[in-house]
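# A closer look at the structure
Okay, here's what each chain looks like letter by letter:
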Amino acid sequence: MEVVKLNPYAKINKTVEDYILMDKCAAIYLNGTFVLGENRMIENGRSSILRMDKGSVLEVEGNFSFYYGADIILFQGATLVLGRDSYINSDCKIRCRKEIRIGNKCAISHDFTVMDSDFHKINGKSISSPVIIGDHVWIGTRVTVLKGVTIGEGSVIAAGSVVTKDIPPGCMAAGVPAKIIKENVEWE
């Protein structure tokens, strides 16, 4: 596995480094700008890590930013697709075993977690199912999105929610587990 060190603040802060650990059979396809460690304040000590195992693919369809403290793992053969003009704020965790897609113009807040698998066997089976976050979705702080979920275009997910089932387009969902609390929502 090849290690690439990234640190845009090397002259200012020598204690924080971002890393991309990438298997030689993994691939990144860029059609825009990809930023790992965006908006880092000097001396906060929060690095970002992107690990890409054998055969994994990262597709960046436009400008996409992960703020500081990102912890991203693409397991063997996984695909992570990132839409244009979207971002995920600080301290996110992404665990991708099969496929996760994040749409265009999404605003995702702090402490976001998304996983497309249970990652452990239950009754002898390990289940993975793609996660799709549609275009123009707003996800609040400390939200967790679990395997097999599709969040429809224009939806809003309230802070602290755990999304275990699909959310239709234009809906607001909240709670543990998340339930639709409002329809025909438009956010700016």
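## With respect to the overall build of the protein
Each helix and strand counted, the protein has zero helices and 22 strands in total. Here the protein holds 188 residues, and 44% of them are scored as buried. Pairs at least 24 residues apart make up 33% of the contacts formed inside the protein by residues separated by at least 6 positions. Total accessible area on the protein is roughly 9,600 Å²; 51% of this is exposed by carbon and sulfur atoms.

## Description of the side chain of Ser48
Relative to the assigned elements, Ser48 resides in the loop between β4 (34–38) and β5 (49–52). On the basis of relative accessible area, Ser48 is assigned to the buried category, the value being 0%. Here the side chain of Ser48 touches Ala70 through a polar contact of 3.1 Å, landing on its backbone nitrogen.

## So, the sheet that holds strand β15 (residues 131–133)
Read from one edge to the other, the open sheet built from six strands follows the order β3-β6-β9-β12-β15-β18, with strand pairing classed as parallel. Each edge of the sheet is formed by a strand with only one pairing partner; in this case those strands are β3 (27–30) and β18 (150–151).

## Observations regarding unusual backbone geometry
What is expected of a backbone is that most residues other than glycine have negative phi and most peptide bonds are trans. Here the residue pair Val176 and Pro177 is connected by a cis peptide bond, since its omega of -5° sits within 30 degrees of zero. Along the chain, the position of Pro177 falls in the loop between β21 (172–174) and β22 (179–182). The phi torsion at His136 lies on the positive side, around 55°, for a residue other than glycine.

## Topic: the packing of aromatic side chains
Under the definition given, this model contains five aromatic pairs. With 5.9 Å between their ring centres and 75° between their planes, Phe34 and Phe66 make a pair best called edge-to-face. Here Phe66 lies in strand β7 (residues 64–67) and Phe34 lies in strand β4, a separation of 32 residues in the sequence. You can call Phe66 buried: its relative accessible area is 1%. Relative to Trp187, the ring of Trp138 has its centre 5.6 Å away and its plane inclined at 45°; by these criteria the two rings are tilted. In this pair, Trp138 is assigned in strand β16 (residues 138–139) and Trp187 in the segment after β22, connecting sequence segments 49 residues apart. Exposure remark for Trp187: the relative accessible area of 14% places this residue in the buried category. By the ring-pair criterion, three or more aromatic residues cluster together here, those being Phe34, Phe64 and Phe66. In this structure, Arg97 packs its charged tip against the face of Phe75, placed 5.6 Å from the ring centre.

## Structural notes on the pattern of salt bridges
This structure, assessed with the given rule, holds five salt bridges. Of the charged contacts in the structure, one is a salt bridge between Arg95 and Asp71, with a shortest N-O distance of 3.1 Å. One end of the pair, Arg95, is in strand β11 (residues 93–96); the other, Asp71, is in strand β8 (residues 71–74), and 24 residues separate them in sequence. Residue Arg95 is classed as buried on the basis of its relative accessible area of 17%. The partly exposed category is assigned to Asp71, whose relative accessible area is 24%. The residue Lys147 makes a salt bridge to Asp118 at a minimum N-O spacing of 3.0 Å. Taken as a pair, Lys147 in the loop between β17 (144–145) and β18 and Asp118 in the loop between β14 (113–115) and β15 lie far apart in primary sequence, 29 residues in all.

## Examining the sheet that holds β21
An order of β4-β7-β10-β13-β16-β19-β21-β22 is seen for the eight strands of this open sheet, with the pairing classed as mixed. Each edge of the sheet is formed by a strand with only one pairing partner; in this case those strands are β4 and β22. Looking at chain direction, strand β10 (residues 86–88) and strand β13 (residues 107–108) are connected through two bridges and run parallel. Counterpart to Tyr87 in the pairing with β13 is Ala107.

## As for the pairing of β8
Each regular strand carries side chains that alternate between the two faces of the sheet. Where β5 and β8 come together, four bridges link them in parallel fashion. Across the sheet, residue Leu50 finds its bridge partner in β8, namely Ile72.

How each quantity is defined
Residues numbered from 1 in each chain as written. Predicted model: local features only at pLDDT ≥ 70, side-chain atom pairs only at ≥ 80, totals over all residues. Heavy atoms only, no water. Helix = DSSP H or I, 4+ residues; strand = E, 2+ residues; numbered from the N terminus. Buried < 20%, exposed > 50% of the residue type's maximum accessible area, 1.4 Å probe, protein only. Contact = heavy atoms within 4.5 Å. Areas by Shrake-Rupley, 256 points an atom, 1.4 Å probe, with all protein chains shown as cover. Polar contact = N/O pair within 3.5 Å; in protein donor to acceptor, adjacent residues only side chain to side chain. Pairing = 2+ DSSP bridges. Phe/Tyr/Trp six-rings, centres within 6.5 Å; stacked < 30°, edge-to-face > 60°. Lys NZ or Arg CZ within 6 Å of the ring centre and 35° of its normal. Salt bridge = Lys/Arg side-chain N within 4 Å of Asp/Glu carboxyl O.

Shape is all these values report; function is a separate question.
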